[in-house]
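Read off the chains here:
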Amino acid sequence: MKLSPTLVRNNVLSGLTVAFALVPEAIAFAVIAHVNPLTGLYAAFMMCLITAMLGGRPGMISGATGAIAVVIVALVVQHGVQYLFAAVVLMGLLQLLFGALRLGKFIRMVPHPVMLGFVNGLAIVIFLAQLPHFQQHGQWVSGQALWTMLGLVTLAMAIIYLLPRLTRTVPSALVAIVAIALLTNVAGIQTRTVGDLASIKGGLPSFHLPDVPWNLATLRIVFPYALIMATVGLIESLLTLNLIDEMTDTRGKPNRECLAQGTANVVTGLFGGMGGCAMIGQSMINVGAGATHRLSGVVAGLGLLSFILFGSSLIERIPLAALIGVMFVVSAKTFEWGSVRVLGKVPRADALVIVAVTVVTIFTDLAVAVVLGVVISALVFAWQHASQIAVRTRLEADDTRVYELEGTLFFASAKNFQNLFSPKNDPAEVVVEFGRAKVMDHSAIEAIDALAERYQKLGKRLHLRHLSTDCAELLHKAGSMVEVDPARDPHYHLADDRLG
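None of the values given here were measured: they were computed from a predicted structure.

Calculation notes
Residues numbered from 1 in each chain as written. Predicted model: local features only at pLDDT ≥ 70, side-chain atom pairs only at ≥ 80, totals over all residues. Heavy atoms only, no water. Helix = DSSP H or I, 4+ residues; strand = E, 2+ residues; numbered from the N terminus. Buried < 20%, exposed > 50% of the residue type's maximum accessible area, 1.4 Å probe, protein only. Contact = heavy atoms within 4.5 Å. Areas by Shrake-Rupley, 256 points an atom, 1.4 Å probe, with all protein chains shown as cover. Lys, Arg positive; Asp, Glu negative; His and termini not counted. Charge placed at Lys NZ, Arg CZ, Asp CG, Glu CD. Axes fitted to C-alpha atoms, helices over the stretch in contact; angles between N-to-C directions. Left-handed = near helix turned anticlockwise from the far one by under 90°. Nonpolar A, V, L, I, M, F, W, Y, C, P; charged D, E, K, R; others polar. Disulfide = S-S within 2.5 Å. 1 Å grid on protein atoms, 1.4 Å probe; cavity = no way out; pocket = protein on both sides within 12 Å on 5 of 7 lines; lining within 4 Å. Points joined across faces, edges and corners; volume = space filled by probe spheres on them. Salt bridge = Lys/Arg side-chain N within 4 Å of Asp/Glu carboxyl O. Pairing = 2+ DSSP bridges. Right-handed = clockwise from strand over helix to strand, strands pointing away. Patch = residues over 30% accessible without salt bridge, like charges linked within 9 Å, V, L, I, M, F, W, Y side chains within 5 Å. Core = buried A, V, L, I, M, F, W, Y, C linked by side-chain atoms within 4.5 Å.

Focus on the overall build of the protein chain
For the protein chain, the helix and strand inventory stands at 19 helices and nine strands. A principal-axis box enclosing the C-alpha atoms of the protein chain has dimensions of 100 × 55 × 50 Å. Taking all 500 residues of the protein chain together, the buried fraction comes to 53%. When contacts within the protein chain are restricted to residue pairs at least 6 apart in sequence, long-range pairs at least 24 apart make up 81% of them. Surface accessibility of the protein chain: about 22800 Å² in total, with carbon and sulfur atoms responsible for 63%. Of the side-chain charges in the protein chain, 35 are positive and 31 negative, and the distance between the mean point of each set is 9 Å.

Quick look at the structure:
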């Protein structure tokens, strides 16, 4: 992609906006994980920079995330931060293996209702993640301090919504952050700032191997956490990639993104970071500003590092209300409001999936929610197709009974398939026509063999027509009953280990 002056400006300014938004998120997630705030900031810097340069989706932003933070709490509390770094390195290696095996393409199999539930759930999670900023020392802010924060949040949101009507030269979120910061500092308005969370001042991250025993006992401790982290990280990253694909009408490279995520996490673990994955909120800020080039992510990562090294005193004076306002807008724009309106119009199973994935994302974690949604969708699909198998019968002049099978024969429809036939009542000659049916799996093959055996025991001749070559190869009991017609037999392939 050629970098025109306008493209450079959009990506640089959007990258700076994202860098500002990364600071409180990284600190908050580090606190959740019981690690030093710099551990979260270093992870955000390295994840953002490396995935921006190597990833499969230009414009997507990665960093320290809550999805990873909640997984690692128990590991840090029970075994210490060095075991966390070892788990992050192993997490990265598992993601590299996933990418090397080119398994990222399977994210395309996630049904649309699951995507809607994922988006809605994360939108609510982004909103809820801002609420702790209205607390101080475990108590909710009240009185004048609360009204001041709410007023500044409202002003920030108003700037973000209204400024694009006047100009799109500068990202409205960046203008809101700078305007609120200037207003509070010039007017002397007292409100909570980034510095109230923690100091972000630090040096360059340094390389060191995790200080853990390198033996099987350590592997047994860190592997379960690393596996969950790798799974959660890839699911969130690849679903975010899918979402941006839809928004930009382009196509990312999921396998390349897996490799980039893995590389970034290995480096992060070796340089004292808590690991991470793609961040839907910051990605929406970036893409919404028209920044779909790798430059935006590079600027965001380097900008965050410059804050740590040189600009901590300025960044710590930014009001939290400005950043909360930005994230509230991101939450509102991320939520698929149309999905609420169509809940009563789509099939009940799809509505169930949308609601279930949304709720489970909020109360547990993304990986469980997505797996649950895919399982529900798969079961519904199987049930619907199982009920669609049927036959039309006719009696030929020579007293031959013909069964014309229609539908898909697989594990869920195998029982129904057996019930479609009446061997005891059929004549001596029976034909089963598979020209309009598809045989999908090993259960289907076993069902055909069982049917053939029922007719054989009654001394009746069964003829199986227009089966695929794969099916014919796998049939045992009915093998001699298959009538081969190369001109009309279907050529689809059946997945079965015995064909390997």
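Having seen the model, we can carry on.
Quick notes on the packing of helix H6 (residues 143-162) against helix H7 (residues 172-187)
It is the contact of H6 with H7, at a shortest axis distance of 8 Å, that shows an interaxial angle of 145°. By crossing handedness, the relation of H6 to H7 is classed as right-handed. On the side of H6, the interface is formed by Leu-152, Leu-155, Ala-156, Ile-159 and Ile-160, while H7 contributes Ser-172, Ala-173, Val-175, Ala-176, Ala-179, Ile-180, Leu-183 and Thr-184. For the contact of H6 with H7, the residue count by class is 11 nonpolar, two polar and no charged.

Re the state of the cysteines
What the rule picks out here adds up to zero disulfides. Cys-277 supplies the cysteine sulfur nearest to Cys-48, a cysteine that is in no disulfide, at a spacing of 13 Å. Note on Cys-48: relative accessible area 1%, which makes it buried. Free cysteine: Cys-258, not disulfide-bonded; nearest cysteine sulfur from Cys-277 at 12 Å.

Examining empty space enclosed by the protein
Across all of its chains, the model carries one cavity of 30 Å³ or more by this definition. Estimates place the volume of the largest cavity at around 30 Å³. Around the largest cavity sit Thr-51, Ala-52, Arg-57, Pro-58, Gly-59, Met-60, His-293, Arg-294, Ser-296 and Gly-297, which together line it. Where the lining of the largest cavity is concerned, the elements lending two or more residues are helix H2 (37-54) and helix H11 (294-309). Among the elements that make up the lining of the largest cavity, the one with the highest residue count is H11 (three residues). Residues that form the lining of the largest cavity fall into these classes: three nonpolar, five polar and two charged.

Observations regarding the environment of Pro-58
With respect to the helices and strands, the residue Pro-58 is situated in the loop between H2 and strand E1 (62-63). Accessibility expressed as a relative area gives 23% for Pro-58, which makes it partly exposed. Taking the C-alpha atoms as reference, Pro-58 lies 5.1 Å from His-293; in sequence the two are 235 residues apart. Once residues within four sequence positions are removed from consideration, Pro-58 is found in contact with Thr-292, His-293 and Arg-294.

Here's the deal with the pattern of salt bridges
Per the counting criterion, the structure on display carries nine salt bridges. The shortest N-O distance in the salt bridge between Glu-404 and Arg-394 comes to 2.2 Å. Residue Glu-404 is located in strand E6 (residues 400-409), and its partner Arg-394 is located in strand E5 (residues 390-395); the two are separated by 10 residues in the primary sequence. Since its relative accessible area comes to 38%, Arg-394 is described here as partly exposed. The residue Arg-461 makes a salt bridge to Glu-429 at a minimum N-O spacing of 3.6 Å. Taken together, the positions of Arg-461 in strand E8 (residues 461-465) and Glu-429 in strand E7 (residues 429-439) put the pair 32 residues apart, joining distant regions of the chain. The class of Glu-429 is partly exposed, set by a relative accessible area of 24%.

Thoughts on the pairing of E6
The pairing of E5 with E6 spans six bridges and is antiparallel. Counterpart to Ala-390 in the pairing with E6 is Glu-406. The turn joining E5 and E6, which pair antiparallel and follow one another in sequence, is formed by four residues; a positive phi near 65° is taken by Asp-399. Taken together, the nine bridges between E6 and E7 define a ladder with parallel strand orientation. From the neighbouring strand, Gly-407 faces E7, where its bridge partner is Ala-437. Regarding the hand of the β-α-β motif, the stretch spanning E6, helix H17 (residues 414-419) and E7 is right-handed.

Some points on the environment of Val-125
Examined against the element boundaries, Val-125 turns out to sit in helix H5 (residues 112-130). For Val-125, a relative accessible area of 29% gives the class partly exposed. Sequence separation of Val-125 and Gly-188 is 63 residues, and the distance between their C-alpha atoms is 32 Å. Discounting residues that sit within four places of it in the chain, Val-125 has contacts with Thr-361 and Ile-362.

Quick word on a nonpolar patch on the surface
The grouping of Leu-216, Leu-219, Phe-223 and Leu-227 at the surface amounts to a nonpolar patch, some 360 Å² of accessible area in total. If you trace the backbone, Phe-223 turns up in helix H8 (residues 216-248). A relative accessible area of 36% means that Phe-223 is categorised as partly exposed.

Some points on the nonpolar core
Within the largest apolar cluster, 115 residues are counted, with the highest numbers of intra-cluster contacts made by Val-23, Leu-41, Met-229 and Met-274. By residue number, the principal contributor to this core is H8, which donates 13 residues. Setting aside its immediate chain neighbours within four residues, Leu-41 contacts Val-23, Ala-26, Ile-27, Ile-200, Leu-304 and Ile-308. Of all hydrophobic cores here, the second largest spans 22 residues; its members include Ile-389, Phe-434, Ile-448 and Ala-452.

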